[in-house]
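What the coordinates show
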Amino acid sequence: MVISTFETLPTRYSVVFQGELLPDGTPAEALYLVLSEPYREILNHAPVRPLDYAYLQALTPMAQRFYELLSYHIFATLTHRRPHATLRYGEYCLLATQQRYTGYEQVKKQMYKVHRPHLAAGYLAQVRSTATTDADGQPDWLLHYTPGPKARAEYAAFRRQPGMETALPRPEDAEPADLLALMMPEPPAAPPHAQAAALVQQFYQRFHGLAQVTPAPQELAQATALLAQHGAAKAHFLLAFAHQEAPETRYTPRVFGGILHYLPHALAAYDAQAARATQAASAWGR
């Protein structure tokens, strides 16, 4: 007699009726479902992370899939207290079944639509990219995401749930770019001049696709004053806010000082998002 491979595969569980013997030899006092060992192993080691289902349902399908994929990386980033999560663009396109582009302008336009609702909601505080290549030598990008107040609120509420102390992501599951960061000590804060220069350079990369720009003295002075008065988090939020609002206002700043036009509205949006995130964390934890 020939037994098919399908017939020999274990099922996820078996049923033990009342009066029958359980695997340990004792009689069953009720109806039992006995999980198979491979299925138990899957359940016990399945990766977990916080998801706000009300938020998920409010997103477009493309933004939903991004949230589902990035949430694992955000959870690991917050657990291990790293500055940002990293997602490879080519891997994201494969998992999200999105078209993959090889030109930066096309990638920027494509991902802008994906990132926009998450920046607006405060799930992300900052997005930046690093050019690289994939295993076949094709252009690729490492997408770096700084968690926003909403992501931190989700994480805090999730960790308060019973049993979450066993749900920590393992460092070896991280993206290679983040794995390197996990093995390195926390870098000291950059000096103010370096922070200002980096902020101006991120402006030119985000708005004009320019990777190598030497900031003008006036731009450095503006960035330094912005950082000193409002701090790094709000300064980077302003950059993201201005980039998000520019298409709506039909105003694209040519130089760094142009984003200061958005400062009052950006500060108000930042405070509003922080307040909403605090309220959501409080309501979730009840």
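Residues numbered from 1 in each chain as written. Predicted model: local features only at pLDDT ≥ 70, side-chain atom pairs only at ≥ 80, totals over all residues. Heavy atoms only, no water.

Adjacent strands of a sheet pair through backbone hydrogen bonds, lying either parallel or antiparallel. Strand order in the open sheet formed by 3 strands is β3-β5-β4, and the pairing between neighbours is antiparallel. Whereas interior strands pair on both sides, the edge strands pair on one side only; in this sheet they are β3 (85-88) and β4 (124-133). Neighbour to neighbour, the strand axes of the sheet diverge by 25 degrees on average, direction disregarded. Across the sheet, helix α4 (residues 61-79) touches β3, β4 and β5 (139-147), and the angle it forms with β3 is around 140 degrees. (Pairing = 2+ DSSP bridges. Helix = DSSP H or I, 4+ residues; strand = E, 2+ residues; numbered from the N terminus. Axes fitted to C-alpha atoms, helices over the stretch in contact; angles between N-to-C directions. Contact = heavy atoms within 4.5 Å.)

The next subject is the packing of aromatic side chains. Two aromatic rings, taken as a pair, are described by how far apart their centres are and by the angle between their planes. Inspection of every chain in the model, using the stated rule, returns 15 aromatic pairs. Note on Phe-66 and Tyr-92: the rings are 5.8 Å apart at their centroids and 80 degrees apart in plane angle, and the pair reads as edge-to-face. Of this pair, Phe-66 sits in helix α4 while Tyr-92 sits in helix α5 (residues 89-96); the two residues are 26 residues apart in sequence, bridging distant segments of the chain. Of the two residues examined, Phe-66 and Tyr-92, each falls in the buried class. With a centroid separation of 6.2 Å and 25 degrees between ring planes, the pair formed by Phe-237 and Phe-241 is classed as stacked. One end of the pair, Phe-237, and the other, Phe-241, are both in helix α10 (residues 217-249), 4 residues apart, so they sit about a helical turn from each other. By the burial criterion, Phe-237 is buried, and Phe-241 matches it. Grouped by ring-pair contacts, the aromatic residues Phe-237, Phe-241, Tyr-251, Tyr-262 and Tyr-270 constitute a single cluster. A cation sits over an aromatic face here: Lys-150 above Tyr-55, 4.5 Å from the ring centre. (Phe/Tyr/Trp six-rings, centres within 6.5 Å; stacked < 30°, edge-to-face > 60°. Buried < 20%, exposed > 50% of the residue type's maximum accessible area, 1.4 Å probe, protein only. Lys NZ or Arg CZ within 6 Å of the ring centre and 35° of its normal.)

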